[in-house]
Amino acid sequence: MIDEANVPILSLVIVLPLLGAITIGVIHNINSAKKVALFIAGLELIVTLIVVQWFNSANGNNFQLVERHAWIPSLNIEFLIGIDGISVLFLPMSALLTLVAIIASWNSVQHLSRFHFALLLTIEGGTMGVFVALDMMLFFLFWELILPPIFFLIGLWGIGPHRRGAAMKYMLYMLFSGVPILFALIMLGVNHAMQTGGAIPHDLSFSFPVLLNTPIPDDLQVIIFLLLLTGFMVKAPLVPFHTWLPTTAVEAPTQLTALLIGLKLGAFGILRFAMPLTPHASVEYAWVLGTLGAITFIYAAMIALHQTNLRRLLAYASISHVGLVIVGIATLNMQGIQGAIFQLLNFSVIASCLILIAGFIQHRLGSTEVIHLGGLAKVMPRLTSFFFLFAIASMGIPGTSGFPAELLLILGALNAHPGLGVAALLGAILGAAYMLSFMRRTFFGPVVHDRLNQIQDLRSREFGLLCVPALLVLFFGFFPDFVLDINKIAAESWLNRLIN
């Protein structure tokens, strides 16, 4: 069922950042361009909160605020957008993350500043399109739209000596991931025409709601599922396609790394598109998905144990947590699905803020290698307090938003299969081990270098930047039902489609 929108608010969510990027392009004054970027990002957050307010969670399994316009009539490709209980909360969380990234880069970008902020807004517009697109070709357009801005951000403003190589590596990985996704989407459209007895190209359909109701032969389902899974697992990332993220985390600018770690579009694609479109194949090969998730979860955690660079450690921690999310999706039960959605939302707050704090350290000391750190808690108590809060949230300590998400994921894994449950518990233990070990070496103990006594703690702007995410971590930790109630009905509908 589809509820049409009376006000094109979702179009505004997509267009507003893109218009902001264009506006910045014609403004010559750098300070004015920054203020425009900040205003647009703040306005975007307000608009997304209005979307959440208008969303009816009691009808969360249906697409709401839907807008439909002809785009490429000859191929039946439409501008079709809408939200449901799975996607709605990703809009304000992504808007908040973009706003934080813009504030964090306020004084750190010294050259081509206007271009930099325009690219950040372009990424935001494309990301919003990914979350609301209901036409598969429109989704693919937004999916690819994000790539060029990220390529330029890494290559032009990266902090590492190999930033251009990292930009090329990222681009090649993402272009590779798009090929199987595009093939799968074409197969879906052609299958619809064949199942309805129509002609190609006049009876093609790429509408996600239509494709959900289009029968797909089992053998074709397997091919489409594996193609979509391959494409999305590169973006997630999952082992063995994970190597681009640690490289990017070390070489890319901090604000971009926060976006890449906070916006897990690959895992969202598996949850939103790959499994609902191929339900029989998804159930049959759920064990493959669960195995990939478990391997990624444990492997990345073990690699993180041996890291001496904070940025690289956080990249592997992010990969590990994505593995747990994939395990949750593969459980095919309510606890696992709701835990996966919750944890994906957590990435926007917890993982991204940890990376931002690492960026603050990098900016002050020129390094995040453990050999250059030590005793930071004595000279930077406010920064240490925020890092400690987000770190314990990433470990799933009660009272933080990480606890209900991780608890649901572990319970879902235990209910699905004892092996998955053991893997989830082992990964959680390893996660606590690498985080606590690095914190002990970095923040506590004696001050290892005299120059650390001269560095400044969090400035007022940086302190205020981290306050809102910190409050969200505590709020969702004590009141998880705010998230769970919104996606409950949508998660039930998602699950019923697969197992019934």
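Look up: the structure comes first, before these words.
Further remarks concern the overall build of the chain. Looking only at helices and strands, the chain has 23 helices and three strands in total. By the compact-globule yardstick of 23 Å for 500 residues, the chain fits well, its C-alpha radius of gyration being 22 Å. Its C-alpha atoms put the chain at 75 × 60 × 40 Å along the principal axes. The buried share of the chain, reckoned over its 500 residues, is 62%. Restricting the contact set of the chain to residue pairs at least 6 apart, pairs at least 24 apart contribute 80%. When the accessible area of the chain is evaluated, it comes to approximately 18,100 Å², of which 67% is carbon and sulfur surface.

Here the bond from Ala 236 into Pro 237 is cis, since omega is -5°, no more than 30 degrees from zero. Mapped onto the secondary structure, Pro 237 falls in the loop between helix H9 (218–235) and helix H10 (244–251). Cis rather than trans, the peptide bond between Val 239 and Pro 240 has omega equal to 10°. By secondary structure assignment, the location of Pro 240 is in the loop between H9 and H10. At Leu 65, a residue that is not glycine, the phi angle is positive and equals roughly 55°. If you check the backbone angles, Leu 112 has positive phi at about 50° while not being a glycine. In this structure, Leu 112 sits in the loop between helix H3 (90–104) and helix H4 (113–132). In this structure Leu 112 comes out as partly exposed when scored by relative accessible area, which is 48%.

Every regular strand shows the same layout, with side chains that alternate between the two sheet faces. With six of seven residues buried, strand S3 (residues 77–83) is to be regarded as a mostly interior element. The sheet contact formed by strand S2 (residues 63–72) and S3 spans six bridges and is antiparallel. Residue pairing in the sheet places His 69 in a bridge with Phe 79 of S3. Taking the residues that link successive antiparallel strands as the turn, the S2-S3 hairpin has four residues, and the phi of Asn 76 there is positive, at about 55°.

Attention now goes to the packing of H9 against helix H12 (residues 265–277). Orientation of H9 relative to H12, taken along the N-to-C sense of each, is 165°, at an axis distance of 7 Å. As the angle between them shows, H9 and H12 are arranged roughly antiparallel. Relative to H12, the crossing made by H9 is right-handed. Between H9 and H12, the contacting residues are Phe 225, Leu 228, Leu 229, Phe 232 and Lys 235 on the first element and Leu 265, Gly 266, Gly 269, Ile 270, Phe 273, Ala 274 and Met 275 on the second.

Among the structural elements, Ala 416 can be located in helix H20 (residues 402–416). Separated by 84 residues in the primary sequence, Ala 416 and Leu 332 place their C-alpha atoms 7.5 Å from one another.

For the rest of this paragraph, the subject is H20. Taking 1.5 Å per residue, 15 residues should reach 21 Å; H20 reaches 21 Å between its end C-alpha atoms and fits that length. Taken as a whole, H20 has its buried residues at Gly 402, Pro 404, Ala 405, Glu 406, Leu 408, Leu 409, Ile 410, Gly 412 and Ala 413.

The next thing to look at is the packing of H3 against H4. Taken N-terminus to C-terminus, the directions of H3 and H4 make an angle of 170°; their axes are 10 Å apart at the nearest point. Relative to H4, the element H3 is oriented roughly antiparallel. Contact residues: H3 offers Phe 90, Leu 91, Ser 94, Ala 95, Thr 98, Ala 101 and Ile 102, while H4 offers Phe 117, Leu 120, Leu 121, Glu 124, Thr 127, Met 128, Phe 131 and Val 132. Residues belonging to the contact of H3 with H4 are distributed by class as follows: 11 nonpolar, three polar and one charged.

What follows is about the packing of aromatic side chains. For the structure on display, the rule yields 22 aromatic pairs. Taking 5.4 Å as the distance between ring centres and 75° as the angle between the ring planes, the aromatic pair formed by Trp 143 and Phe 232 counts as edge-to-face. One end of the pair, Trp 143, is in helix H5 (residues 136–145); the other, Phe 232, is in helix H9, with 89 residues separating them in the sequence. For the residue pair Trp 143 and Phe 232, the accessibility class agrees, reading buried in each case. Centroid distance Phe 208 to Phe 273: 5.1 Å. Interplanar angle 80°. Geometry classified as edge-to-face. With Phe 208 in helix H8 (residues 208–212) and Phe 273 in helix H12, this residue pair connects regions lying 65 residues apart in the sequence.

Throughout the structure, instances matching the rule amount to five salt bridges. When the shortest N-O distance is used, the salt bridge between Arg 364 and Glu 462 registers 2.7 Å. Of this pair, Arg 364 sits in helix H17 (residues 350–365) while Glu 462 is found in helix H22 (residues 460–478), placing the two residues 98 residues apart along the sequence. Of the two residues, Arg 364 and Glu 462, neither departs from the other in class, the shared state being buried.

So, on to the nonpolar core. Residues Leu 376, Phe 390, Met 435 and Trp 494 are the most contacted members of the largest nonpolar core, which totals 199 residues. Tallying contributions element by element places helix H15 (residues 310–330) first for this core, with 14 residues. With residues up to four places along the chain from it excluded, the contact list for Leu 376 reads Ile 361, Leu 365, Pro 381, Thr 384, Thr 442, Phe 443, Leu 452 and Ile 455.

Calculation notes
Residues numbered from 1 in each chain as written. Predicted model: local features only at pLDDT ≥ 70, side-chain atom pairs only at ≥ 80, totals over all residues. Heavy atoms only, no water. Helix = DSSP H or I, 4+ residues; strand = E, 2+ residues; numbered from the N terminus. Rg over C-alpha atoms; globule rule 2.2 N^0.38 Å. Buried < 20%, exposed > 50% of the residue type's maximum accessible area, 1.4 Å probe, protein only. Contact = heavy atoms within 4.5 Å. Areas by Shrake-Rupley, 256 points an atom, 1.4 Å probe, with all protein chains shown as cover. Pairing = 2+ DSSP bridges. Axes fitted to C-alpha atoms, helices over the stretch in contact; angles between N-to-C directions. Parallel < 35°, antiparallel > 145°, perpendicular 65-115°, else oblique. Left-handed = near helix turned anticlockwise from the far one by under 90°. Expected span 1.5 Å × (residues − 1). Nonpolar A, V, L, I, M, F, W, Y, C, P; charged D, E, K, R; others polar. Phe/Tyr/Trp six-rings, centres within 6.5 Å; stacked < 30°, edge-to-face > 60°. Salt bridge = Lys/Arg side-chain N within 4 Å of Asp/Glu carboxyl O. Core = buried A, V, L, I, M, F, W, Y, C linked by side-chain atoms within 4.5 Å.

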